[in-house]
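Notes for the structure review
What follows is the residue order along each chain.
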Amino acid sequence: MAERTGVLFVCLGNICRSPLAEGLFIHAARERGVLDRFDIDSCGTGGWHAGNPADPRSIAVARKHGIDLPSRARQLRAATDFARFEWIIAMDRSNHSDLLADGSEPSRTHLMMAFHADHAVKPSKAPDVPDPYYGGADGFDDVYEMLTGACDGLLERVLS
Ligand code: 4NP
């Protein structure tokens, strides 16, 4: 079997945005029948929540759409993650610049919303996926909507 393509979703805490992105991407790849082509994971640039499941509000919004989130939070491991994952996907510009500072290859390091069809023409102008941690449940609905569109575009791009 050909080697699997590594896709790593990265946010700050690895409990709200990146576990949701990971779950949505797994779901989209499974629906397309291509899940076995990928090595998919998520992590945080910070390690405060290491070992925890996703935030209950991320789990709830995913479940509302019939999707499970398998993630347990972990911190980025630069030494191994940058070798293992070809696609390093940051949720916002702060995550993106932290990744570059930690040695992530610029050509492999992308902003999540750059893959959304709404931003395909000007990916550098793509919005950040806002951190919903300190807000209410509706923030998680907004993040879900952003991430589903971006996951669809990312899957197309990675498969092409
Ligand atoms: P995430 O959200 O980066 O989307 O997982 C956050 C979760 C926790 C914290 C910050 C952001 N925190 O500071 O604990």
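A short tour of the structure in this document, coming up. Remember, predicted model here, so these are calculated numbers, not experimental data.

1. Considering the pairing of strand β1 (residues 5-11)
Within β1, 7 of the 7 residues are buried, leaving the element largely enclosed by the surrounding structure. Where burial is concerned, the two faces of β1 agree: the one with T5, V7, F9 and C11 and the one with G6, L8 and V10 are both buried. Direction of pairing for β1 relative to strand β2 (residues 38-44): parallel, over a ladder of 7 bridges. Bridge pairing links T5 to F38 in β2.

2. What to know about helix α1 (residues 17-31)
In this model, α1 (15 residues) spans 21 Å end to end at C-alpha, consistent with the 21 Å of a helix rising 1.5 Å per residue. Taken across its 15 residues, α1 has 12 buried, putting it largely inside the fold. Of the positions making up α1, those classed as buried are R17, S18, P19, L20, A21, E22, G23, L24, F25, I26, A28 and A29. Residues of α1 that are buried in the fold lie against β1, β2, α2 (56-64), α4 (93-101) and α5 (137-159). G33 lies just past α1 and shows a positive phi near 75 degrees.

3. What to know about the environment of P56
Inspection of the secondary structure puts P56 in helix α2. By relative accessible area, P56 is classed as exposed at 61%. Between the alpha carbons of P56 and Y144 there is a distance of 14 Å; along the sequence they are 88 residues apart.

4. Thoughts on the packing of α1 against α5
The contact between α1 and α5 brings their axes to 9 Å, and the two run at 45 degrees. One way to sum up the angle between α1 and α5 is to call them oblique. Handedness of the α1/α5 crossing: right-handed. Only V143, Y144, L147, T148, C151, D152, L154 and L155 of α5 make contact with α1, whose side of the interface consists of R17, L20, A21, L24, F25, A28 and A29. For the contact of α1 with α5, a count of residues per class yields 12 nonpolar, 1 polar and 2 charged.

5. Comments concerning the nonpolar core
Core analysis: the biggest nonpolar cluster contains 41 residues, and F9 and M112 have the highest contact counts within it. Per element, the largest residue contribution to this core is 10 residues, and it comes from α5. Excluding its chain neighbours within four sequence positions, the residues that come into contact with M112 are F9, A21, I89, A90, M91, V129, L147, A150 and C151. Core analysis: the second largest hydrophobic core is formed by 9 residues, V10, L76, F82 and I88 among them.

About the thresholds
- Residues numbered from 1 in each chain as written.
- Predicted model: local features only at pLDDT ≥ 70, side-chain atom pairs only at ≥ 80, totals over all residues.
- Heavy atoms only, no water.
- Buried < 20%, exposed > 50% of the residue type's maximum accessible area, 1.4 Å probe, protein only.
- Helix = DSSP H or I, 4+ residues; strand = E, 2+ residues; numbered from the N terminus.
- Pairing = 2+ DSSP bridges.
- Expected span 1.5 Å × (residues − 1).
- Contact = heavy atoms within 4.5 Å.
- Axes fitted to C-alpha atoms, helices over the stretch in contact; angles between N-to-C directions.
- Parallel < 35°, antiparallel > 145°, perpendicular 65-115°, else oblique.
- Left-handed = near helix turned anticlockwise from the far one by under 90°.
- Nonpolar A, V, L, I, M, F, W, Y, C, P; charged D, E, K, R; others polar.
- Core = buried A, V, L, I, M, F, W, Y, C linked by side-chain atoms within 4.5 Å.

Read these as spatial facts, not as claims about activity.
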